Each structure stands twice: as C-alpha cells, then as structure tokens.
Amino acid sequence: MQTIRIAAWLALIGLVAALGWRFWDDRSDPVPIPMPALTTTPLEGRESFDAALVDGVWLLNVWGSWCAPCHAEHPVLMALRSEGIAIYGLNWRDTPEAANQFLDVLGDPFVGVMQDDNNQSVRALGIEGAPETLVIANGEILARWPGPLTPDALRQVIYPALDRALRN
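Residues numbered from 1 in each chain as written. Predicted model: local features only at pLDDT ≥ 70, side-chain atom pairs only at ≥ 80, totals over all residues. Heavy atoms only, no water.

> Could you give an account of the nonpolar core, with specific residues and numbers?
Ranked by internal contacts, the top residues of the largest apolar core, which has 46 residues, are L60, L80, L149 and I158. For this core, the element with the highest residue contribution is helix α5 (residues 151-167), accounting for seven residues. Sequence-distant contacts of L60, that is, excluding residues within four places in its chain, are made with M35, L38, F49, Y88, G89, L90, L125, E132, T133, L134 and I136. (Core = buried A, V, L, I, M, F, W, Y, C linked by side-chain atoms within 4.5 Å. Buried < 20%, exposed > 50% of the residue type's maximum accessible area, 1.4 Å probe, protein only. Helix = DSSP H or I, 4+ residues; strand = E, 2+ residues; numbered from the N terminus. Contact = heavy atoms within 4.5 Å.)

Here it is as structure tokens:
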C-alpha cells in the first residue's frame, strides 16, 4: 500500500513538472548571454552593420519576406522606429530582391540590414523561426521574443528589457 502511495505521488509530481515545463515562459533571458559572432552579407541597397560594433541598446529583428508573421509585426517595428528605438534587421532565407521589395512596399524600420545566407547566424543565435526579436546592449543579449511583436510582447518583454538596459 505504501509503494502505491509513493508511486502515485511520484506520478503526480511528474505530471505537475511536465505541465509546468510545457507552460513555462522562457521568452526573456533572465541572465544576459554574450552576443555571438554573426556571419552575414550586406543586403544590397540597404545600410549594412556589424553586430559586434553596434553601440548602445538596440533590437535585432530576424525576418523574411516569405514570413506571414513578419508582415503582421511590421507596423509594430515601424512604430518602434518612430519612437527612436534602434532596430537592426537580419534577413533570413530570402532573396535580396524579395527582401528589398518587402521593405520598399511596407517601409524600412531598420538602421541597417544584413542577410544570413547560410543559416549560420540564426543557428549561433539559437533562433528556430522568424520573426524573432532580441534586445541587445553592450554585446549581450538581454531578452528575446520568438514570434511576432505585439503590444503584449512589448509590454511584457521588450520595454522592460530596454528599460533595464538603459538604467545600467
């Protein structure tokens, strides 16, 4: 009888742990991690940048013209840019023509744009899909938001991380 109770408790603890893991929100990194070196090429016709040399607090947005959620979040990026927030773009799995057409039609919120032609940069950043936005300061990734930016994402993750970075 005692073994059945122990087994039942262990099963319950396992279930709670599994559910907790499933619903755990890891969209912001609690501890800053170093920004990896990126292997990129300039997007023709756009300002380029070297992530290792960008000073201050900034956002890195991974996007592609093929990505429907990237289209959905684009007005949010334009609004952030109008607030004076520096946003750099990492175009992923795209052609230069399609990427430039996307920015020409919808507007260019980026200070600079680079292309990740061989997926090395997104792998180095631990990104599995687009869009994804990272808050970066002093060569460290302070927070990340996988998926399209929304007012809730800004309120929950992006603005608090920017505020923390600007206070330091």
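Structure's up, so let's keep going.
> Let's hear about the packing of aromatic side chains: which residues, and what values?
The tally for this structure, following the rule as stated, stands at six aromatic pairs. Measuring from centroid to centroid gives 6.4 Å for F49 and W58, while their planes differ by 70 degrees, and the two rings are edge-to-face. According to the relative accessible area criterion, F49 is buried, its value standing at 12%. Overall, W58 belongs to the buried group, its relative accessible area being 1%. Summarising the aromatic geometry, the rings of W58 and Y88 are spaced 5.1 Å apart at their centres and angled 75 degrees between planes, so their arrangement reads as edge-to-face. You can see W58 sitting in strand β3 (residues 57-63) and its partner Y88 sitting in strand β4 (residues 87-92), a full 30 residues away along the chain. (Phe/Tyr/Trp six-rings, centres within 6.5 Å; stacked < 30°, edge-to-face > 60°.)

> Describe in detail helix α3 (residues 96-106), supporting the description with residues and values.
When we look at burial in α3, the residues that qualify are A99, N100, F102 and L103. Within α3, the buried residues cover an arc of 155 degrees as seen down the axis, which keeps them to one side. Residues of α3 that are exposed and point over 90 degrees away from its buried face: E97, Q101, D104 and V105. Packing partners of the buried residues in α3 comprise β3, α2 (68-82), β4 and β5 (112-116). (Arc of directions from axis to C-beta.)

> A description of the sheet that holds strand β1 (residues 33-34) should follow, citing residues and the corresponding values.
The seven strands are arranged β1-β7-β6-β3-β4-β5-β2 in an open sheet whose pairing can be described as mixed. In this open sheet, the two strands that pair with only one neighbour each are β1 and β2 (41-42). Sheet topology note: the β4/β5 ladder contains five bridges and is parallel. Each bridged residue has a counterpart across the sheet, and for Y88 the counterpart in β5 is G112. Taken strand by strand, α3 contacts β3, β4 and β5, and its axis lies near 120 degrees from that of β3. Sheet strands in contact with α5 are β3, β6 (132-137) and β7 (140-146), and its direction is about 170 degrees off that of β7. (Pairing = 2+ DSSP bridges. Axes fitted to C-alpha atoms, helices over the stretch in contact; angles between N-to-C directions.)

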